[in-house]
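# Tertiary structure, described
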Amino acid sequence: MTTSSQKNMVQSINEALRLEMQRDDRVVILGEDVGKVGGVFRVTQGLWDEFGDDRVIDTPLNEGGIIGAAIGMAAYGMRPVPEIQFADFIFPAFDQIVSEAAKFRYRSGGEYSCPMVIRAPVGGGIRGGAYHSQSPEALFIHTAGLKVVCPSNPHDAKGLLASAIQDEDPVLFFEPKRVYRAVKMDVPDEAYVTPLGVGKVVREGEHVTVVAWGAMLYEALSAAEQVAEQGIECEVIDPRTLWPLDIDVIVKSVEKTGRIVVVHEAPKACGFGAEVLQLVTEKSFLHFTAPPTRVTGWDTPFPYTLENDYLPLAHRIAPKLLEIGKY
Amino acid sequence: MSELLSIYRHALTARLIDERLEVLARGGRIGLHPDSQHAEVVIVAATLALGEGDWVFPTARDHAAAFARGVPVATYLAHVIGSASDPLSGHAAPGCFCSREKKIAPPTGQLSQHLTQAMGLAWAARLRRDGACVLALLPETAADAGDFHSALNFAGATKAPIVFLVRTDGSEAPAPDVEVADKGIAYGVAAVDVAGDPETVLFAVREASERARRGEGPTLLEARISVAPSLGAGGSAPGPGDPLEKLRRKLIDDGAFDESADWHHRREVMGEIEAAIVAAIDAGPPSPDAIFDHVFAELAPHLSRQREQLRKVHEAPR
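Note that this is a predicted model, so its numbers are computed, not measured.

On to the domain arrangement of chain B. By the assigned domains, chain B splits into domain 1 (3-283) and domain 2 (287-318). Between the C-alpha centres of domain 1 of chain B and domain 2 of chain B there is a distance of 35 Å.

See the structure below:
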């Protein structure tokens, strides 16, 4: 009999890890304080007790070393799931990810592969300042050979993580830390997969298509409710997998609404929103009745005190939805 | 065939390939092929010291390891030429050859980054208790870069079964106060400094790998040789300090072969190289479709669309 229970994202990710480790003994977790401590956000709590030192491994504090080691483990045939404590700390490992993991299969002509999932919390809103708040997804999407996932809720997080671990290629799994404990929902207790590369319409509407992911999905939904009171109905899409992107679900929506607004926390310049809008423009130009638009973080470093002015929260999104909706 | 003769033959193959490819690169026929800088003997001796189940993480200058592991000259040259017969689909720069079957990992263009990967693979082998050991090769310059230190730090902490072999330039006397091998000590990695002759390297790598397999931890092995400047930098004339020439002289003195037999063997290898180059050129380049192969395990939708675009470019009249 299928059972389910209320879970937040920390719990659902923990459960996905546990189930995948039970299913496949090649799956190992490694990172800073992921073992006894259970990770800085306690996402891996209890796994060390269940699986021991050989499967849940505390490493030296060295991100390049963690990812380099994970690449070697993956080349051997393991399924490593390294944790980077904050996505902001991923940059010491950037070279290993973009020059090595992303190209391992390609430059070996398929002789080697690098099936691993790099988990890292992303995003602001926790008073974390410049080194605990960034959203670097575009840097990895720009690198051929990587898949990038960003779930927005506990249900998707569990299924997408299982898919990512079972995937044959390296996956960046960005977890919106502001959502970690803020959202609870009914999540099945047993294992299931949510396929990568499939977006989801989370709110139907006919006037404006809104694309948002991670923590900003909730801001987009909140803004959509606000403008609905003024007669603008938004169709909100959560891509869930940022790359490879399910462009078809967005195009289908835009061909209905004729308008699109993309929302993301990362800075505007060369942010993923630019790519989404251009891809839609190439396919749906003649359907546009308003300029394709973004609501994003500013082109500044992530601030500490003024983070609510930096983030594209609902109060910044709603006026843009009205403007585009009435264009 | 004696071990020394075997080392000589593989090292000579690598040297003759270096010399031929340097000419092709200068003529613009291939991209730059990083040569071995006279480290072939050390590379081959270290590789032959391993067991069949062991792994090698070479640099882009270490193709001699591939020949020691039985990779045919024709396969390697198909890779360098980047032909349709290249098992790597024309994706890897010359020198960055790998083979899963032969347990040769893909070399990187980022100096020391293979070292943490080698450590990770060794660590995985230990976790799976398969008895394998990893040999990671590096030039002296890689010991300055960050991943060298990361790899030693992790290896010391995990007792991964790995042997790091760094070749340093021992041609200049006196020896420096701090040897590269010493850098292992602080990380809990056994530090061993040896002469770069093949017998010593064979023995030292065998001993270090057996020690690693027994779970006694990693070793940083430093072999001193007379490093030559790369061929592209105008180096190379084999002098008396050249490890390959030294080995040749020793084998002649030991009666393994004489000058005439050596030259006949060289001619044979050069003929094999030339035939392999011609075969690789005759095979032509890979299909343009190959540019989209092996980005992911399965062709992603956006890559499928881009492959169609490239096909149309080729189909259009020019």
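To continue, consider the packing of helix α5 (residues 113-127) of chain B against helix α6 (residues 146-158) of chain B. Residue and element names in this part refer to chain B. For the pair α5 and α6, the least separation of the axes is 7 Å and the interaxial angle reads 15°. When the axes of α5 and α6 are compared, the pair comes out roughly parallel. When the axes of α5 and α6 are compared, the crossing they make is left-handed. Contact residues: Q113, L115, T116, A118, M119 and W123 in α5; D147, F148, S150, A151, F154, A155 and T158 in α6.

This paragraph deals with the interface of chain A and chain B. Facing the 34 residues of chain A at the interface are 37 residues of chain B. The element contributing the most residues to the side of chain A that touches chain B is helix α3 (residues 63-76) of chain A, with 10 residues. Its residues assigned to classes, the side of chain A that touches chain B comprises 13 nonpolar, 13 polar and 8 charged.

In this section: the nonpolar core. Core analysis: the biggest nonpolar cluster contains 194 residues, and A:V210, A:L321 and B:I162 have the highest contact counts within it. Top element by residues in this core is α3(A). It accounts for 9 residues. If we ignore the near neighbours within four places in the chain, the residues touching A:V210 are A:A220, A:A224, A:C234, A:E235, A:V236, A:I237, A:V261, A:V263 and A:L321.

Moving on: helix α9 (residues 247-257) of chain A. Residues and elements named next belong to chain A. Three or more residues of α9 are buried, namely I247, I250, S253, V254 and T257. Summarising the axial view, the buried residues of α9 lie within an arc of 130°, below the 170-degree limit, and thus occupy one face. Check the buried side of α9 and you find it contacts β9 (200-203), β10 (208-211), β11 (234-238), β13 (260-267) and α10 (272-284). In the segment just after α9, G258 is the residue with positive phi, at about 75°.

On to the domain arrangement of chain A. All names here are of chain A. Annotation of chain A at the domain level lists domain 1 (4-188) and domain 2 (200-325). Look at where the C-alpha atoms of domain 1 and domain 2 centre, and you get two points 26 Å apart. Of the residues lining the interface, 25 residues belong to domain 1; the matching set on domain 2 comes to 22 residues. In terms of residue class, the side of domain 1 that touches domain 2 is made up of 12 nonpolar, 8 polar and 5 charged.

With that settled, consider the sheet that holds β13(A). Residue and element names in this part refer to chain A. The 5 strands lie next to each other as β9-β11-β10-β13-β14, forming an open sheet whose pairing is mixed. Where the open sheet ends on each side, the last strands, each with one partner, are β9 and β14 (293-297). Strand-to-strand twist in this sheet, taken as the mean axis angle between neighbours without regard to direction, amounts to 25°. Alignment of β10 against β11, held across 4 bridges, turns out to be parallel. Bridging from a neighbouring strand, V208 pairs with C234 of β11. Strands in contact with helix α8 (residues 216-228) are β9, β10, β11 and β13; relative to β11, the strand with the most contacts, it is inclined by about 170°. Across the sheet, α9 is in contact with β9, β10, β11 and β13; its angle to β10 comes to roughly 155°.

Each value, and the rule that gives it
- Residues numbered from 1 in each chain as written.
- Chains lettered and ligands numbered in written order.
- Predicted model: local features only at pLDDT ≥ 70, side-chain atom pairs only at ≥ 80, totals over all residues.
- Domains from an automatic or database assignment.
- Axes fitted to C-alpha atoms, helices over the stretch in contact; angles between N-to-C directions.
- Helix = DSSP H or I, 4+ residues; strand = E, 2+ residues; numbered from the N terminus.
- Parallel < 35°, antiparallel > 145°, perpendicular 65-115°, else oblique.
- Left-handed = near helix turned anticlockwise from the far one by under 90°.
- Contact = placed C-beta atoms within 7 Å.
- Nonpolar A, V, L, I, M, F, W, Y, C, P; charged D, E, K, R; others polar.
- Core = buried A, V, L, I, M, F, W, Y, C linked by C-beta atoms within 7 Å.
- Buried ≥ 20, exposed ≤ 12 C-beta atoms within 10 Å, placed from the backbone.
- Arc of directions from axis to C-beta.
- Pairing = 2+ DSSP bridges.

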